[in-house]
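As a plain string of letters, each chain reads:
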Amino acid sequence: MASVLYFGLDDRIPKMMDQFFQDRLKETGESNSIIHVKDDQKFGEMLVGMAFDVIFCEAGVLPLPAFEWIVAFKKGKSRLTSPMILVGTDSDTVKTMKSIEAGWTDYIIMPPDKPLLIEKIWLHASGQRNSDIRQVYSMRMGAPADMAKSAVLEELSEFDCKLRSRNPVTLNDVMVLYSNAFSTDEKIIGHVIGRCYKSEPPPSNDDPYYTHSFYFVGISPEVLTNIRNALRKQFVSVKAKT
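Undergrad: Describe in detail the environment of D185, supporting the description with residues and values.
TA: Among the structural elements, D185 can be located in the loop between β9 (174–179) and β10 (190–200). Classification of D185 by relative accessible area gives partly exposed; the value is 33%. Residues D185 and N226 lie 41 residues apart in sequence; the distance between their C-alpha atoms is 8.8 Å.

Quick look at the structure:
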């Protein structure tokens, strides 16, 4: 179950999630909730009187730049442990990294992609992906990739990717990932920001590779399209061989 607070003027995310929560209630009896507040006073009141698994904030309603606001906000809310998700329209990687490093857990670019939004809420609410509500499917890959250190892109979906590397990565580490799977052309290296949500140690001395799973942070519609096109090409290629 998930309890969500949304602070902002745009109603697209609240409407998407409310409909999905209603469907879950009918299908499974599972009770989830989302509360939409549009002003700062009401937002403050909600945080005093209730606990939430996930909190969304629109960049446009914050009185300060997002990276400054989150620092000031967390100083006054030391007991608040809920993941804080920034919502906005800016797809600049440098600005996104600055906001994430300042304290935001994740960033969603509007308009929201419903399947990814659903998976992200469950990941942030529980700390792990829920196979019962999985919205996307992964494809096995073998593309070279880089995460500041060499790695191989082993698996890819619109939501996340799995990398094999000789180098360890700490859970919740955020880094820029590079691979031609993120671009429109196989000869061009694209990039996306990822946060590590799962890391598996090497299984044996004979296989010294770590396996790291990263969900995408602030992925732009353009990169999302590139990934979906790469998955389609991979699917067609696999089908042709069978």
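Read on, since the account is not over.
Undergrad: Could you give an account of helix α1 (residues 12–28), naming the residues involved and the relevant values?
TA: The α-helix advances 3.6 residues per turn, and as a result positions three or four apart in sequence lie on the same side. Look at α1: 24 Å from first C-alpha to last across 17 residues, which is about the 24 Å you get at 1.5 Å a residue. Among the residues making up α1, those that are buried are I13, P14, M17, F20, F21 and R24. Seen along its axis, α1 keeps its buried residues to an arc of 135 degrees; they face one direction. Opposite its buried face, α1 presents the exposed residues K15 and K26, each directed more than 90 degrees away. The first or second residue beyond α1 is G29, which carries a positive phi of 80 degrees.

Undergrad: Describe the sheet that holds strand β8 (residues 160–165), and please don't skip the residues or the numbers.
TA: Spatially, six strands are ordered β6-β7-β8-β11-β10-β9 in a closed barrel, and the strand pairing comes out antiparallel. Across the sheet, the axes of successive neighbouring strands diverge by a mean angle of 45 degrees, strand direction being ignored. Pairing of β10 with strand β11 (residues 210–217), which is carried by seven bridges, proceeds in the antiparallel orientation. Following the sheet pairing, E200 is matched in β11 by T211. Those strands touched by helix α5 (residues 114–126) are β10 and β11, and its axis lies near 120 degrees from that of β11.

So, how was this worked out
Residues numbered from 1 in each chain as written. Predicted model: local features only at pLDDT ≥ 70, side-chain atom pairs only at ≥ 80, totals over all residues. Heavy atoms only, no water. Helix = DSSP H or I, 4+ residues; strand = E, 2+ residues; numbered from the N terminus. Buried < 20%, exposed > 50% of the residue type's maximum accessible area, 1.4 Å probe, protein only. Expected span 1.5 Å × (residues − 1). Arc of directions from axis to C-beta. Pairing = 2+ DSSP bridges. Axes fitted to C-alpha atoms, helices over the stretch in contact; angles between N-to-C directions. Contact = heavy atoms within 4.5 Å.

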